[in-house]
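Observations on the three-dimensional arrangement
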Amino acid sequence: MLCGMEIEDEFFAAMEARQAETGGAGEQELPPQVQQYLSVLNPEQYDAVVHEGSPLLILAGAGSGKTRVITTKIAYLIAARHVDPYSILAVTFTKKAANEMHERAVSLEPRAEHAQIRTFHSFGAWFLRTNAQAAGISPNFTVYDDDDMVTLLSKAVVGLTRKEAARFAHKISLAKDYCLLPDAPTLDDIESDPQFRAVYDAYQKRLRETGNVDFGDLIMLPTLVLRSNETIRRRMHQRFRVIMVDEYQDSNVAQFLFLQALSGIDEGSGTYVCVVGDDDQSIYKFRGAEVKNILNFRKIFPDTKLIRLERNYRSTAEILSVADNVVRNNEGRLGKTLSAERGSGKIPVLAFLPNQDEEAQFCADLIEKTHERGVPYMDWAILYRTNAQSLGFESEFLHRKIPYTVVGSLKFYEREEIKDVLAYLALLANPRDEIAFARVVNKPARGVGGSTQAKLIEAARLPDAGSGEQAYSLLESSRRLGPSLSKKAREGIAGFVEKMDEFTALISRTSADYDTGVEDKLSVLVEAISEKSGLLEYHTSQDEVQGTQRAQNMQELANSAVLYPCTREGLLEFLDHIELDRTLDLADEEANPDSVTLITLHNTKGLEFNRVIMTGMERGIFPRAEKSGSELEEERRLCYVGITRAKDELYLTSCAMRRMYGRTEYMEISPFLLELGAGAVKVIGHKPYGFRMDEDADSTALHGGDFGANGLSHPELSSDPLRAKYARGVRIYHDDYGYGMVTAGRTSDDGEYVITVQFESGGSKRFIPRYQEHALMVVKD
DNA sequence: AGTGCAACTCTTTTT
DNA sequence: GAGTTGCACT
């Protein structure tokens, strides 16, 4: 067996030999398409691509072309350095990023198809499936989500309220992000509650009994396996000769340890490691991400070469300047200055609005008006801090018939009917899955109540002495115990077991038929479950209206399974796919290619849009709650991320009032707005009292006469000239709605003059003239 | 066992 | 304000 040094020597020796074969060094000798894609790189990017021989840390500012660097590097290694694509691993954080990276790498170099380009978690899942036994889990495991964790925890530890269970579950996740087991001495740093250790331990034992894993396990378990199992470790070191990590600033401790173990750096494996990150874009501290990983990188990986990418090719100088003004308020950053390669553009706009309804209208107006001028909807992205904020925009856009796509909404997979079908599938995959079992054994109702379920689960957990150990199949347990139960429960269980057998047969039958070419799609199984389990009928009979929707959802789930074969492997792949990427995809079929993007700030990581509106720039919303110190800095980085998503145009909106918890609250502006920089943005709308930019407030002057901004701090005390201009009976013309007449004018609670206009086209509409001056004019007969 | 009503919480952010 | 949880009643 090779030892570490030998591997290293062999690797580089092979490289040298191949280089010699091709007639020595120098790009002149490279294939034309390689020269082609190298030639478009700037000097720093080029250095990063061709670098080898030591670990590499790339500090890549926003929009500096880091994806290009990674994908080019993959292509270059394969085409020019003759690295086996099979030995290349590139990990990202989101499926979207992984897909994009894969696509771009393959388009540069078709052989990149065979490289492993995955998310951290899907790589962990792959690792665990191939090394299930060493990890002490079932090779058929499915992944429990947060919800399942809470359910399992309340079973493992009796007497917890759901809330307590949720809190502990969260802490367990965090512990796993730091790769801490229940017996870790430093576990107290995560949670000081003396019960926690025992709770975590009980949970973990119970989870192992089910054969399943949770999200944290996908990273932690492989790390533990690598540490304790030399054979597997060696095998991995030989397999993966090149490892690249994207968005490295958001890696957590467990991921860092995973990388360390996988690379075999301590054992001189000679694996080439390259990580790419930006400390200014670290936004997942709350989930255990450690910016320290960037700093520590050079300690753990000696002789690390550092390359900075500071040329921004995405945004205009104006946008970058605002971004820099904000982020420079953070202490403890590595510090870098982006240069705007694109040059100058439009000045960003900061709009003060009365409330969230008008915020939504403001966005809709902007989008509609530009759309009339030929700007596609897909140019636009609405950014917000919390998912809940999407609602207001959704209803406004729906109303106005503006197509939109909400990114990252988990809603679909959280629907009851979907979770039900998935639970049947999960139980088919892993018959020890007690969460799935409990969910579906009595759904639809079969007369199997809570006590019967508990009995079956207990019997499976503690198989009787003679029957061999660990026969933890809940179906087995059901089969065996069934006859001894009361009539009702007995019949119910019998029916359930029968159905499950039927479904199982569907999988094996098609597996057997595989050779004959009669391979079914997995959608057949999903449909069969919906119909034959009685779920479809159960859900449709519940509510006439909702039932139809639910049936559609179930059908949609079946449709999405059409890409997978109806085999055991296909089933596992499908479940993995859903668990590890619950965000996008499914909407693909119905997605309108030209639509506005509604997205949380966190979800924008790695994305870019031509025109960005950052909404809800209010203290308490963004930054959230009372954040201070390092947490406030993280919020500020999030703000930086949002701003730097914009290529051409940036808007920020802030509301004076907002409905929260059903109550209307007066909002203070976000402190970040004061940092944008005097004169760096154009302010429109009603400037709040005391609003002053950093430094020279006067130069933020309100030139936006179009919008009628007046900067008065107490509008309710001033007589509004617009009141006379748009008095009752005045004929007007509105850009969007045409001719009409003011039928009413009144002052709202917040001192705004509001008019109601009856349009000739039939509709009537209410406006605040002060915000409509750009679109509204008085018509003289 | 299943339905209906009242009280309660919730707003971070995600793989 | 909405969605969910828990309790009581049928």
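Right, let's walk through the structure included here. Keep in mind that what you see is a predicted model, and the values were worked out from it rather than measured.

Cut-off values and rules
Residues numbered from 1 in each chain as written. Chains lettered and ligands numbered in written order. Predicted model: local features only at pLDDT ≥ 70, side-chain atom pairs only at ≥ 80, totals over all residues. Heavy atoms only, no water. Helix = DSSP H or I, 4+ residues; strand = E, 2+ residues; numbered from the N terminus. Buried < 20%, exposed > 50% of the residue type's maximum accessible area, 1.4 Å probe, protein only. Contact = heavy atoms within 4.5 Å. Areas by Shrake-Rupley, 256 points an atom, 1.4 Å probe, with all protein chains shown as cover. Near = heavy atom within 4 Å. Polar contact = N/O pair within 3.5 Å; in protein donor to acceptor, adjacent residues only side chain to side chain. Nonpolar A, V, L, I, M, F, W, Y, C, P; charged D, E, K, R; others polar. Pairing = 2+ DSSP bridges. Axes fitted to C-alpha atoms, helices over the stretch in contact; angles between N-to-C directions. Parallel < 35°, antiparallel > 145°, perpendicular 65-115°, else oblique. Left-handed = near helix turned anticlockwise from the far one by under 90°. Core = buried A, V, L, I, M, F, W, Y, C linked by side-chain atoms within 4.5 Å.

So, on to the overall build of chain A. A tally of helices and strands in chain A yields 30 helices and 24 strands. Counting over 781 residues, chain A shows a buried share of 54%. Look at the contacts in chain A between residues 6 or more apart in sequence, and 74% of them connect residues 24 or more apart. Here chain A has roughly 34000 Å² of accessible surface; of this, 51% comes from carbon and sulfur atoms.

Turning next to the protein's contact with DNA strand B. Taken together, 21 residues surround DNA strand B, and among them Arg 287, Arg 385, Ala 445, Arg 624 and Lys 627 come closest. Of all atoms in DNA strand B that approach within 4 Å of the protein, 59% are sugar or phosphate atoms. Asn 387 places a polar main-chain atom, nitrogen or oxygen, 2.9 Å from a phosphate oxygen of DNA strand B. Within the side chain of Asn 603, a nitrogen or oxygen atom sits 2.9 Å from a phosphate oxygen of DNA strand B. Classifying every residue of the surface near DNA strand B by side-chain character gives 7 nonpolar, 8 polar and 6 charged.

Turning our attention to the protein's contact with DNA strand C. Around DNA strand C, the structure places Arg 162, Tyr 661 and Gly 662. Considering DNA strand C, the proportion of its atoms within 4 Å of the protein that are sugar or phosphate atoms stands at 38%.

Okay, the sheet that holds strand E12 (residues 380-384) next. If you trace the 7 strands from one edge of the open sheet to the other, you get E13-E14-E12-E15-E16-E11-E19, paired in parallel fashion. One side of each edge strand has no neighbouring strand; the edge strands of this open sheet are strand E13 (404-406) and strand E19 (682-685). Strand-to-strand, the axes of this sheet are offset by a mean angle of 20°, without reference to chain direction. For strand E11 (residues 349-353) and strand E16 (residues 646-655), the ladder comprises 5 bridges, and the chain directions are parallel. By the bridge assignment for E16, Leu 353 is matched with Cys 655. Each of E12, E13 and strand E14 (596-600) is contacted by helix H17 (residues 390-400), which is oriented at about 165° to E14, the strand it contacts most.

Packing of helix H6 (residues 120-130) against helix H27 (residues 568-580) leaves a shortest axis separation of 10 Å and a crossing angle of 150°. With respect to their mutual orientation, H6 and H27 come out roughly antiparallel. Read as a crossing pair, H6 and H27 show a hand that is right-handed. Along the contact surface, H6 presents His 121, Ser 122, Ala 125 and Arg 129, while H27 presents Leu 572, Asp 576 and Leu 580. Residues that form the contact of H6 with H27 fall into these classes: 3 nonpolar, 2 polar and 2 charged.

Ranked by size, the top nonpolar core spans 65 residues in total, and within it Leu 128, Leu 153 and Leu 259 carry the most contacts. Per element, the largest residue contribution to this core is 7 residues, and it comes from helix H13 (residues 253-263). In terms of nonpolar packing, the next biggest core, distinct from the first, is built from 48 residues, Leu 427, Val 448, Val 497 and Leu 572 among them.

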